[in-house]
Amino acid sequence: MSYITLALAKGRTAKSTITLLENTGIQFKDFHEDSRKLVFYDSDKTIKVVFVKAVDVPTYVEKGAADIGIVGKDNILESQADVYEMLDLKLGKCKFVVAGKIGSTLEKKQKLTIASKYPTIAKKFFQKINQPIETVKLNGSVELAPLIGLADYIVDIVETGNTINENGLTILEEIEDISTRLIVNKASFATKSDNIRQFINRLKSVLE
Amino acid sequence: MQPYVIDANNGSSVEDFQIRENLITTLKNRFTTYGYKQVRTSTFEYYDLYSTISGTVNKDEMIKVIDSGGKVLVLRPDVTIPITRMIALNKQHLSDNLRLFYMLDVFRQSVEQADEKESTQAGIEYFGENKPEVDSEVIMLAIHTLKDLDFSNFKIEMGHAGFFKELISQTTLSQAEIDQLQILIQSKNIVEMEPFLTSLSINEDVKKAIQMIPLLYGDPAHVIQQAKDIILNDEMEVLLQNLIEVYEVIKDYGVEDSIVFNFGLINNMNYYSGIIFQGFVANVGKPVLMGGRYDNLGEQYGTGMPAIGFAFEVDLLLHALNQQGLSDDQNPSVDMIIYYEKLKQREALSTAFRLREAGYQVLTSLSDTNNTASPTYIVSYEENQNQFLLNGKKTEFSSYADLYELLRDEKGEVT
């Protein structure tokens, strides 16, 4: 009997997804929050769960190392993975925004410098509004960039906007809403169609 | 010294090449049994051949070179277009059905896959009639080939290029909106499709039909039933009927288990006009084969003619074979090594020559040289005796005839 492999983003997403799955009756007895194990099976051994870094989930799914992945839309967009995106779990809701120093507006200049953890998304957005940009890829504390003069604006995720405000920045433009999504490998959807659709339907039923 | 290693996985080692050759031979043999004949096209094509036909290969992805006359050429980015041109320009060929196949490298570059500029395509093209029997035979050939390769779990997704085009023709969407819609359908992103469709001004029926498209997936009988709900006009009815007819013939080949319907299948190659399909094997995210019917492409060269074809991505197939452990190269390095002492050189070399004539792979080696190859048989010509060694068992022999006899016996036992 073949099982389906599910890649989960480590951390908050994993915890809430496991809770969600347990609501559908799929039990993960050996899963504990503090466990360092990276691979789990459910009690029926029909689902194998692997915990990977959130940014890697789309890669695992696109390459077929996992059949299904559950991860934030931000990482799906940034990776531009060629996968099916079939369900919105409505968890971890937040949005992509352009932010700048308080009092500033989104000025169109010859060339803007944008700091972000998500250079692809930043590029795409500014391309859409016909604004040439240069991106600076940062891996954390992105809010600092405009204050120090490293960049004109930043593109980042905000949930409430508090972090941004506390650091003297303000939201200038909203790009896109994001939340946790379920993605599926295209070959798996063809070759394990029944198993995967059953899994999705189970999840759907507890979401409604 | 700079090593200048190109980062491509093109199987440059001897073992990789052997596996690749075996795969290509399997494909060739199967294509041949369906009556296909091999052709090739030029590596260089005029840039204008591709740039004048809309919706084919992305212009940025083509690798361009400039010839001594200043003309822009591209390295063959696709094979279907040059073959179609070749056939359309030689109309005398068209009296009969033409079945052609090719094993050719195609060249494309993209920012995302900067390392993969060349890939090998193994494809077929059928020029002739547009009939369900033809379409199903072509799809059967794809399935038959995948079976030859021993993939335990593979599926062919079938759809119709006309379906989406017909629905779009009912609307007045801009190209940007169509592109966005296409991306959403291709990724089955129903979540974001709903608000997007609501933001567009389209008729309610069409909206409902477009929303259904990604869901029309799976078991053909089931999908056909569901699809009937979104038929808006006679044209769409004809398209659905066409798909059903092809599927009926596939059933008579007895391979319907390998077929799923996917109405959300939209090929980025715009020239497809009829049935389109793609093949997946387990755990490989990209389709290993793509194809479809393209009846109108020939018109670009003055001769419209029904045609259908598909191509395997050989590198993806290799990757899949490796992943599933199906690519073990079972052949030992050579059949035989003949060790000899200088005294017996004439006899040993004559034996080697005769065995090679008989088709054996034979290495010869002076007794005092070391040899790392691991042959099936070892023969040694020593001063006083000649020995034949197999699986640790030694047998003496006197003449070539004796040796040949021993080999024949051995073969007989195996088979």
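Every chain begins its residue count from 1, and numbering advances along the sequence as written. Here the convention is simple: chains get letters from A, ligands get numbers from 1, in the order in which they are written. Two thresholds apply to this predicted model, a pLDDT of at least 70 for residue-level local features and 80 or more for giving and counting side-chain atom pairs, whereas whole-chain, interface and lining totals are computed over all residues. As a rule here, side-chain values cover all heavy atoms of the structure and leave hydrogens and water aside.

1. Overview of the overall build of chain B
By the criteria applied, helices consist of DSSP H or I runs no shorter than four residues and strands consist of E runs no shorter than two, each listed in order from the N terminus. A count of helical and extended segments in chain B gives 13 helices and 17 strands. Its C-alpha atoms give chain B a radius of gyration of 28 Å, clearly above 22 Å, the size a compact globule of 415 residues would have. With the C-alpha coordinates of chain B rotated into their principal frame, the extents come out at 95 × 55 × 45 Å. Residue burial is assigned from relative accessible area. The probe radius is 1.4 Å, only protein chains are included, and a residue is buried under 20% of its type maximum, exposed over 50%, and partly exposed in between. The buried share of chain B, taken over its 415 residues, is 50%. Using C-alpha atoms as the atom set, the radius of gyration is obtained and then compared with a globule rule of 2.2 Å times the number of residues to the power 0.38.

2. Comments concerning the pattern of salt bridges
Any Lys or Arg side-chain nitrogen located within 4 Å of an Asp or Glu carboxyl oxygen qualifies as a salt bridge. Counting across every chain of the model gives 17 salt bridges over all chains. Put simply, arginine 20 of chain B and aspartate 315 of chain B hold a salt bridge, and the shortest N to O gap is 3.3 Å. Of this pair, arginine 20 of chain B sits in helix 1 (residues 14-33) while aspartate 315 of chain B sits in helix 11 (residues 314-323), placing them 295 residues apart in sequence. With relative accessibility at 10%, the residue arginine 20 of chain B sits in the buried group. Across the pair glutamate 248 of chain B and lysine 251 of chain B runs a salt bridge, and its minimum N-O distance is 3.6 Å. With a gap of 3 residues between them, glutamate 248 of chain B and lysine 251 of chain B both fall in helix 10 (residues 234-253), about one helical turn apart. Given a relative accessible area of 34%, lysine 251 of chain B falls into the partly exposed group. Among the ionic contacts, a cluster of salt bridges with common partners joins Lys73, Glu85, Asp88 and Arg181 of chain A together with Glu192 of chain B.

3. Describing the domain arrangement of chain A
Residue and element names in this part refer to chain A. Boundary definitions for the domains trace back to an automatic or database domain assignment. According to the domain assignment, chain A consists of domain 1 (4-92 + 179-207) and domain 2 (94-177). Centre-to-centre, using C-alpha coordinates, domain 1 lies 30 Å away from domain 2. The interface of domain 1 with domain 2 comprises 10 residues on the first partner and 11 residues on the second. Take the accessible area each of two parts loses on contact, using a 1.4 Å probe, and add the two losses: that sum is the buried area. Roughly 810 Å² of surface becomes buried between domain 1 and domain 2 when both sides are summed, with 48% attributable to carbon and sulfur atoms. Of all residues in domain 1, the largest losses of buried area upon contact with domain 2 belong to Asp74, Leu77 and Glu78, amounting jointly to 58% of the total for that side. The interface formed by domain 1 and domain 2 includes 0 salt bridges. Definition of a polar contact: a pair of N or O atoms within 3.5 Å, with one able to donate and the other able to accept a hydrogen when the atoms are protein atoms, and with sequence-neighbouring residues admitted only if both atoms are side-chain atoms. Along the contact surface separating domain 1 from domain 2 lie 4 residue pairs in polar contact (both at pLDDT 80 or more). A total of 5 residues in the side of domain 1 that touches domain 2 trace back to one element, the largest contributor, which is helix 3 (residues 73-79). Residue type decides the class: Asp, Glu, Lys and Arg count as charged, Ala, Val, Leu, Ile, Met, Phe, Trp, Tyr, Cys and Pro as nonpolar, and the leftover types, Gly among them, as polar. Residues belonging to the side of domain 1 that touches domain 2 are distributed by class as follows: 1 nonpolar, 4 polar and 5 charged. Note on contacts: a residue pair qualifies if any of its non-hydrogen atoms lie within 4.5 Å across the two residues.

4. A look at the packing of helix 1 of chain B against helix 4 (residues 132-148) of chain B
Residues and elements named next belong to chain B. Packing of helix 1 against helix 4 brings their axes to within 10 Å, and their N-to-C directions diverge by 140 degrees. When you trace helix 1 past helix 4, the crossing you get is right-handed. Only Leu141, His144, Thr145 and Asp148 of helix 4 make contact with helix 1, whose side of the interface consists of Thr26, Leu27, Arg30 and Phe31. In terms of residue class, the contact of helix 1 with helix 4 is made up of 3 nonpolar, 3 polar and 2 charged. Angular values range over 0 to 180 degrees, each being the angle between N-to-C directions of two axes fitted as lines to C-alpha atoms, with helices fitted over their stretch in contact. A crossing counts as left-handed when the near helix is turned anticlockwise from the far one by less than a right angle, and as right-handed when that turn is clockwise.

5. A look at the environment of tyrosine 3 of chain A
Residues and elements named next belong to chain A. Inspection of the secondary structure assignment puts tyrosine 3 in the segment before strand 1 (4-9). Measuring from C-alpha to C-alpha, the distance between tyrosine 3 and isoleucine 171 comes to 45 Å, with 168 residues separating the pair along the chain. Each residue touching tyrosine 3, except ones within four places of it in the same chain, is listed here: Tyr41, Lys45, Thr46, Ile47, Lys48, Asp67 and Lys192.

6. Examining the sheet that holds strand 7 (residues 112-116) of chain A
Residue and element names in this part refer to chain A. A pair of strands counts as paired when DSSP detects no fewer than two bridges linking them. The strand order across the open sheet built from 5 strands is 8-7-9-6-10, with neighbouring strands paired in mixed fashion. Edge positions in the open sheet fall to strand 8 (133-137) and strand 10 (169-178), since each of these has one partner strand only. Neighbouring strand axes in the sheet, compared pairwise and without regard to direction, differ in orientation by 30 degrees on average. Sheet topology note: the strand 7/strand 9 (residues 153-158) ladder contains 3 bridges and is parallel. In the strand pairing of strand 9, serine 116 is matched with valine 155.

7. Side note on the sheet that holds strand 4 (residues 72-75) of chain B
Residues and elements named next belong to chain B. In space, the 3 strands of this open sheet follow the order 2-4-3, with antiparallel pairing throughout. On the outer flanks of this sheet lie strand 2 (44-46) and strand 3 (64-66), each paired with one strand and no other. Recorded for the sheet is a direction-independent mean angle of 45 degrees between the axes of neighbouring strands. Taken together, the 3 bridges between strand 3 and strand 4 define a ladder with antiparallel strand orientation. Bridging from a neighbouring strand, lysine 64 pairs with valine 74 of strand 4.

8. Regarding the UniProt feature "binding site: L-histidine" (unreviewed entry) in chain B
Residue and element names in this part refer to chain B. UniProt positions are given in the numbering used here, feature names are shortened, and annotations may be inferred rather than shown by experiment. Mapped onto this structure's residue numbering, the UniProt feature "binding site: L-histidine" (unreviewed entry) falls at Asp78, Val79, Thr80, Arg108, Gln121, Glu125, Tyr271 and Tyr272. Examined against the element boundaries, threonine 80 turns out to sit in helix 3 (residues 80-89). With respect to the helices and strands, the residue tyrosine 272 is situated in the loop between strand 9 (259-262) and strand 10 (275-281). Looking at tyrosine 272, the relative accessible area reads 8%, which means it is buried.

9. As for the packing of aromatic side chains
Each Phe, Tyr or Trp ring (for Trp, its six-membered ring) is paired with any other whose centre lies within 6.5 Å, and the angle between the two planes then decides the class: stacked below 30 degrees, edge-to-face above 60, tilted in between. Tallied over the full model, the rule gives 21 aromatic pairs over all chains. With a centroid separation of 5.0 Å and an interplanar angle of 85 degrees, the aromatic rings of phenylalanine 96 of chain A and tyrosine 118 of chain A are classed as edge-to-face. Taken together, the positions of phenylalanine 96 of chain A in strand 6 (residues 94-101) and tyrosine 118 of chain A in the loop between strand 7 and helix 4 (119-128) put the pair 22 residues apart, joining distant regions of the chain. Per residue, the accessibility class of phenylalanine 96 of chain A equals that of tyrosine 118 of chain A, and both read buried. These aromatic residues form a ring-pair network of at least three members: Phe31, Phe101, Phe277, Phe310 and Phe312 of chain B. Here lysine 45 of chain A stacks its cationic end above the ring of tyrosine 41 of chain A, 4.5 Å away from the centre of that ring. Lysine NZ or arginine CZ positioned within 6 Å of the ring centre and within 35 degrees of the ring normal marks a charge as sitting over the ring.

10. Comments concerning the layout of surface pockets
All names here are of chain A. The computed volume of the second largest pocket comes to approximately 690 Å³. Detection works on a 1 Å grid of protein atoms alone, calling trapped sets that fit a 1.4 Å probe cavities and calling open sets with protein on both sides within 12 Å along at least five of seven lines pockets, with lining residues defined by an atom within 4 Å of a point. If you trace the second largest pocket, you find 32 residues lining it, with Arg12, Asp74, Cys94, Ile157 and Glu159 closest to the centre. Secondary-structure elements contributing two or more residues to the lining of the second largest pocket are helix 1 (12-23), strand 4 (68-72), helix 3, strand 9 and helix 6 (162-166). Broken down by class, the residue content of the lining of the second largest pocket amounts to 11 nonpolar, 13 polar and 8 charged. Counting contributing residues, the lining of the second largest pocket receives three or more from each of domain 1 (4-92 + 179-207) and domain 2 (94-177). Grid points are joined across faces, edges and corners, and a volume is the space filled by probe spheres set on the points.

11. Some remarks on the packing of helix 7 (residues 190-199) of chain B against helix 8 (residues 204-212) of chain B
Helix packing geometry: the angle between the two helix axes and the distance between the axes. Residue and element names in this part refer to chain B. Interaxial distance between helix 7 and helix 8 falls to 11 Å at its minimum, and their mutual angle equals 160 degrees. With respect to helix 8, the element helix 7 is oriented roughly antiparallel. Both helix 7 and helix 8 take part in a crossing whose hand is right-handed. Seen from helix 7, the contacting residues are Met193, Glu194, Leu197 and Thr198; seen from helix 8, they are Lys207, Ile210 and Gln211. The class makeup of the residues in the contact of helix 7 with helix 8 is 3 nonpolar, 2 polar and 2 charged. Should an angle fall under 35 degrees it is taken as roughly parallel, and over 145 as roughly antiparallel, whereas 65 to 115 is taken as roughly perpendicular and any remaining angle as oblique.

12. So, the domain arrangement of chain B
The parts lose accessible area when they come together, and the size of an interface is often stated as this lost area. What the domain assignment lists for chain B is domain 1 (14-329) and domain 2 (333-410). Domain 1 of chain B and domain 2 of chain B are separated by 52 Å when their C-alpha centres are compared.

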